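The primary structure of each chain is shown beneath.
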Amino acid sequence: MVPPFLRLPPTDRVTSSRTGWTRAHWEAVADRMLDGVAPYATPGGAQYRLPGRGSWSGVVLDGLEGYARTFLLAAFRIAGAGGTGEEAERLAERYARGLAAGTDPASPEAWPALTDCSQQMVEAASIAVALHETRPWIWDRLEQPVRERVAGWLSGFVGGRTWDNNWRLFQVVSEQFLASVGAPFRQADIDAGLDRLEDWYVGDGWYTDGDGRNFDYYGGWALHLYPLLWARIAGPAGEERAAVYRRRLAAFLADYPHFFGADGAPVHQGRSLAYRFAALAPVWLGALAGCSPLAPGLTRRLASGTLRHFVERGVPDERGLLPLGWYGTHLPATQPYSGPASPYWASKGFLGLLLPPDHPVWTAREEPLPVESGDTAVALRAPNWLLHGTRHDGIVRLVNHGSDHNPPSGPGQDDPHYAKFGYSTATAPESAEPAWRRTVDGHFALLGPDGTPSRRLRVEPLGTCTPTSAASRYEVPAAGDGRPATVETTSVLHGPWEIRVHRVDGPHLGVREGGYAVAGAEPPHAEHGPGRSLCRTETGLTSVVAALYGWQPAPEGTSAPGRGPGAAEGAGGSEPAPEVRAATGSAVAREVHANAFGPHSATPYLTAPPSTAPSSCYVTLVVLTRDTCDPVALRSAVSCDPVDATATPAARSTVRLRFPDSHTVEV
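Okay, so let's go over this structure. (Residues numbered from 1 in each chain as written. Predicted model: local features only at pLDDT ≥ 70, side-chain atom pairs only at ≥ 80, totals over all residues. Heavy atoms only, no water.)

**Examining the overall build of the chain**
Link 1 in the chain: When helices and strands are tallied, the chain shows 16 helices and 23 strands.
Link 2 in the chain: By its C-alpha atoms, the chain is 80 × 55 × 45 Å across when sized along the principal axes.
Link 3 in the chain: Counting over 667 residues, the chain shows a buried share of 62%.
Link 4 in the chain: Pairs at least 24 residues apart make up 68% of the contacts formed inside the chain by residues separated by at least 6 positions.
Link 5 in the chain: Computed over 59 positive and 70 negative side-chain charges, the separation of the two mean positions in the chain equals 1 Å. (Helix = DSSP H or I, 4+ residues; strand = E, 2+ residues; numbered from the N terminus. Buried < 20%, exposed > 50% of the residue type's maximum accessible area, 1.4 Å probe, protein only. Contact = heavy atoms within 4.5 Å. Lys, Arg positive; Asp, Glu negative; His and termini not counted. Charge placed at Lys NZ, Arg CZ, Asp CG, Glu CD.)

Given below as structure tokens:
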């Protein structure tokens, strides 16, 4: 449904033949978002205290966040209009007034001073970038005392300490802005931040966000973005580094369109997903920096398709606000640091407004996304991910064998947005706390004596991924008789199918494998039987798991395990048996208000009983599709057999997969 604010005069539908969107639509969405926050401004305009759950930083910093992040959007709108026109002039006056009040120590709206590792540092970086991009229309017109106060506030970065991740770049851009206006700064701070970035570069255009294996959208909307924004401020002095950053961004963007479904949805993976279309920042940045390998028409189609995807699903909402969530509000998918204005890092997705209206990305005919041109399979070797998309239903799936968002050593945490084997453009992981404790979806777990599942805390990549295969392992501290166990998993892709081959080294008290969680406005339909389970939403999105080897499926009518209010449906929907260890079979786990894609969600899964063997193998067919799907037919379509047990030790650890087209793979 087209919101009223987007009912624009007829536009050229020749070049926007796929989305129907033009630059005018982008400006209309930006204006709607900026108008939406205006009623929540404090009297001096230095804070925007939006409705919604507060962050752990408190109301004042949440208000500063509202100012800074919407100022970034206003800056792109002002600069994109060349500072002229009623809207640009109104925004420039509005945010200049907020600068004066926020940096006035006597004002009741005064911003807290920048201190080491404080949330103010994040917001200061947005203000610094916005001031640079609007310099002729805001900074140069500020009264001298206000300029001095703003520079004095930003100088809290000088010699300061930030968190050792993307936060280092907040200091870099802010101190470079200070240098550009003749204010005190430390070149050593800038150099140290940019040097530290080199430690996180892992090749092929990919950065990890700090030490460890932290791969997500921060690679695009932070680790690529800020260095090239710094280069815009530094000018010729930063060209040597900027040339490196442009080459890396080009490498990153070469595969980036594969993250987007035909409906414009990005793959739902990683933290801070409330930023939504901030995922477009690197796409626009490539065009802005003149280094994009993407055709202008592909840039335009990708960006407009993604923004349109969210707008048509109620983002911004009827108030013009961005709620904490993915479509509507969904707090379980957010982080404690997320306040009501946090989603406005989405402003980065409007970076394209800095490009003039006659730039090719605004005038070229839209070109199809990769998933619109054919079935796709891409290996991303740096994060050890596979992306595979299917043209007929437009879904893109991410197979994760490399990101866990944990430090390299010490205690780790199981985060549903990083620990799953599978993510997609059509699904989200179950993220509410009860569902997180059960961790059924997208996971292969060893079960403890009370049914507690093991956690995939640290993902250790194995071998080299190819477009159709990737592998990893994770360790289970105590399993079976109390000794540690190891789960090694190889994913093999065949068209829309993923086959997961798990080897468990060590005895265990039972295993469980979950497919994709599907969600919608109504409870998904579910059915299951020996070695198979299926869930389907009212829109036809279907998730299936089918046992191919090692699961020893129970006869029809045997109930399967589940725990708590999100418990599994056993055969006939009966209450599941509490003896989790002894159960074998298939089931469905249902949840309510646990999923960002809808209030009702369900996950198909399989279970198998304990094993005392030193090593065991389980092979599962995992499917996410919009097709009509018959799990029994799927099971019979793929054969899986162990290689001759009399062969070499290496061969005894091998299974052979045979597909309907006679293609054979040994794992």
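**Comments concerning the pairing of strand S12 (residues 511-514)**
Link 1 in the chain: Side chains Val511 and Glu513 project from S12 onto one buried face, and the interleaved Arg512 and Gly514 project onto a second face that is buried too.
Link 2 in the chain: With three bridges joining them, strand S7 (residues 444-446) and S12 adopt antiparallel strand pairing. The residue bridging Ala445 from the neighbouring strand is Arg512, located in S12.
Link 3 in the chain: In this structure, S12 lies alongside strand S19 (residues 598-608), joined through four bridges in antiparallel fashion. What sits directly across from Glu513, in S19, is Leu606. (Pairing = 2+ DSSP bridges.)

**Here we look at helix H3 (residues 86-102)**
Link 1 in the chain: The end-to-end C-alpha distance of H3, which contains 17 residues, comes to 24 Å, matching closely the 24 Å that a straight helix rising 1.5 Å per residue would cover.
Link 2 in the chain: Of the residues making up H3, those classed as buried are Glu87, Ala88, Leu91, Ala92, Arg94, Tyr95, Ala96, Gly98, Leu99, Ala101 and Gly102.
Link 3 in the chain: Looking at the packing, one finds that the buried side of H3 touches helix H1 (23-37), helix H2 (59-80), helix H4 (119-133) and helix H5 (144-154). (Expected span 1.5 Å × (residues − 1).)

**Notes on the sheet that holds strand S4 (residues 385-390)**
Link 1 in the chain: On the basis of which strands lie adjacent, the open sheet formed by four strands has the order S3-S4-S5-S6 and antiparallel pairing. In the strand order of this sheet, the two ends are held by strand S3 (376-380) and strand S6 (422-424), each with one partner. Adjacent strand axes in the sheet meet at a mean angle of 20°, parallel and antiparallel pairs treated alike.
Link 2 in the chain: Bridge count for S3 against S4 is five bridges, and the pairing is antiparallel. Looking across to S4, one finds that Ala379 is bridged to Leu386. (Axes fitted to C-alpha atoms, helices over the stretch in contact; angles between N-to-C directions.)

**Details of the environment of Val492**
Link 1 in the chain: Along the chain, the position of Val492 falls in strand S10 (residues 483-494).
Link 2 in the chain: Assessed through its relative accessible area of 4%, Val492 is described here as buried.
Link 3 in the chain: Each C-alpha atom, one on Val492 and one on Gln171, is 43 Å from the other, the two residues being 321 residues apart in sequence.
Link 4 in the chain: Setting aside its immediate chain neighbours within four residues, Val492 contacts Thr468, Ser469, Trp497, Glu498, Ile499, Leu657, Phe659, Val665 and Val667.

**Some details on the state of the cysteines**
Link 1 in the chain: One pass over the full model with this rule turns up zero disulfides.
Link 2 in the chain: Here Cys640 is not disulfide-linked; the sulfur of Cys617 is the nearest cysteine sulfur, at 6.4 Å. (Disulfide = S-S within 2.5 Å.)

**Quick notes on unusual backbone geometry**
Link 1 in the chain: Of note, the bond from Val315 into Pro316 is cis; its omega dihedral lies within 30 degrees of zero at 5°.
Link 2 in the chain: Along the chain, the position of Pro316 falls in the loop between helix H11 (296-311) and helix H12 (360-363).
Link 3 in the chain: Within the chain, Asp204 stands out as a residue other than glycine whose phi angle is a positive 60°.
Link 4 in the chain: Note on Asp204: relative accessible area 52%, which makes it exposed.
Link 5 in the chain: Phi angles above zero are rare outside glycine, and Ser662 is one such case at about 75°.

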